[in-house]
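Single-letter residue listing:
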Amino acid sequence: MTNDSIISWSVFFDDALFSAMAAIGFSSISHTPQRAYILCAVAASAGHSLRFLLTMPGGAEMNIIAAATIAAFIVGVIAVFVAKVIKVPAEACLFPALLPMIPGLYACRAFEGFVGCLSNLDETLFSHNLYLFMSNGMTCGAIVIGMTIGANIPIFLMKKISFQVTR
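Predicted, not measured: the structure shown is a model, and the values here were computed from it.

Describing the packing of aromatic side chains
Okay, so step 1: This model, assessed by the stated rule, comprises 6 aromatic pairs.
Okay, so step 2: Note on Trp-9 and Phe-12: the rings are 5.3 Å apart at their centroids and 85° apart in plane angle, and the pair reads as edge-to-face. Taken as a pair, Trp-9 and Phe-12 lie in helix α1 (residues 3-29) at a separation of 3 residues, close to a single helical turn.
Okay, so step 3: The class of Trp-9 is partly exposed, set by a relative accessible area of 42%.
Okay, so step 4: Ring geometry for Phe-12 against Phe-52: centres 6.3 Å apart, planes inclined by 35°, an arrangement best described as tilted. Here Phe-12, found in helix α1, pairs with Phe-52, found in helix α2 (residues 37-55); they are 40 residues apart in sequence, far enough to count as distant.
Okay, so step 5: A residue is classified by how much of its surface remains accessible, and Phe-12, at 11% relative accessible area, is buried.
Okay, so step 6: Members of the aromatic cluster, each reached through a chain of ring pairs, are Trp-9, Phe-12, Phe-13 and Phe-52.

Thoughts on the nonpolar core
Okay, so step 1: In terms of nonpolar packing, the biggest core is built from 27 residues, with Cys-93, Leu-94, Leu-98 and Met-147 touching the most fellow members.
Okay, so step 2: Among the elements of the structure, α2, α3 (64-86), α4 (90-98) and α6 (123-157) are those that each provide at least two residues to this core.
Okay, so step 3: With sequence-adjacent residues up to four places away left out, Cys-93 is seen in contact with Ala-36, Cys-40, Ala-79, Val-82, Ile-86 and Val-88.

Rules used throughout
Residues numbered from 1 in each chain as written. Predicted model: local features only at pLDDT ≥ 70, side-chain atom pairs only at ≥ 80, totals over all residues. Heavy atoms only, no water. Phe/Tyr/Trp six-rings, centres within 6.5 Å; stacked < 30°, edge-to-face > 60°. Helix = DSSP H or I, 4+ residues; strand = E, 2+ residues; numbered from the N terminus. Buried < 20%, exposed > 50% of the residue type's maximum accessible area, 1.4 Å probe, protein only. Core = buried A, V, L, I, M, F, W, Y, C linked by side-chain atoms within 4.5 Å. Contact = heavy atoms within 4.5 Å.

Here's what the structure looks like:
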């Protein structure tokens, strides 16, 4: 086993741990029942880790948009089955588990490009900042749309299971 593979697995486990911690934090502010915290953490770490593996160089090297959609689908499947076990709506586990996958870096870079557009009078710098704003903004939006679609497909495909809990 090479030193590079040890480092990448260490980063992988750190990614899973921190996404689980974020999911527990989001669960606590979302008024999710405490019995669902650990399951939200498991769903978040599974989804975030899957996205990480799908985009990792040397792995699938998939586009972040497609990887986020697939990972959100898996989180949705986990949430539907977990919801039945702990007797909470699937959305109570789904939303806190998805929040760590929100593309904050792309949103921040898009906003940075927007501010750069407003503050530069030079046409070259304006064009560069407009490119950054549009590229990062479209990527961020596409990731969020993909996550929304991917997460809702299991709820609609497994209506009987997902809506059975709320009766």
